[in-house]
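Here is how the chains run, residue by residue.
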Amino acid sequence: MKRLIFSLAIALSACAGTPFQWSDARRIEAGMTKQQVTGLLGAPTRVATIPSDGTRYVWVWVNGLTASNRSLVIDFDSTGRVIKAPPIPDEFQD
């Protein structure tokens with residue numbers, strides 16, 4: 001039992017951030033609200049202010065078990081709406 005708990009703890013600690021899917025990120029469009037975006041992607045890993053009174057949301061997902069990672073940045077204007085849909089290359093697959 002201790003071995004199982006230890007293995008589970010190691011597996012969980014190997015991942016960090018907010019796990020999001022590229023297919024969900026591709027659904028983001030200019031004009032969407034923060035609530036709509038976080039409904040698709042989950043809570044951002046980091047939030048920062050940007051010039052012109054906007055807000056930048058950053059999602060980062062690191063999986064230590066598979067050595068894979070993902071990051072995504074979306075900027076919102078002063079009214080809380082997406083400024084521009086994030087460009088996601090076709091080779092980025094879930």
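It should be noted that the structure appears before, not after, this text.
Let us look at the structure shown here. Just so you know, these numbers come straight off a predicted model, no measurement behind them.

Cut-offs used in this document
- Residues numbered from 1 in each chain as written.
- Predicted model: local features only at pLDDT ≥ 70, side-chain atom pairs only at ≥ 80, totals over all residues.
- Heavy atoms only, no water.
- Buried < 20%, exposed > 50% of the residue type's maximum accessible area, 1.4 Å probe, protein only.
- Helix = DSSP H or I, 4+ residues; strand = E, 2+ residues; numbered from the N terminus.
- Pairing = 2+ DSSP bridges.

1. Some words on the pairing of strand E3 (residues 54–63)
On any regular strand, side chains alternate: one points to one face of the sheet, the next to the other face. In terms of burial, E3 is a largely internal element, seven of the ten residues being buried. The pairing of strand E2 (residues 46–50) with E3 spans five bridges and is antiparallel. Looking at the pairing, Arg46 lines up with Val58 of E3. The loop that links E2 with its antiparallel partner E3 comprises three residues; one of these, Ser52, has a positive phi angle of about 70°. Summarising the sheet, E3 and strand E4 (residues 68–76) pair through nine bridges and their orientation is antiparallel. By the bridge assignment for E4, Trp61 is matched with Arg70. The loop that links E3 with its antiparallel partner E4 comprises four residues; one of these, Ala67, has a positive phi angle of about 60°.

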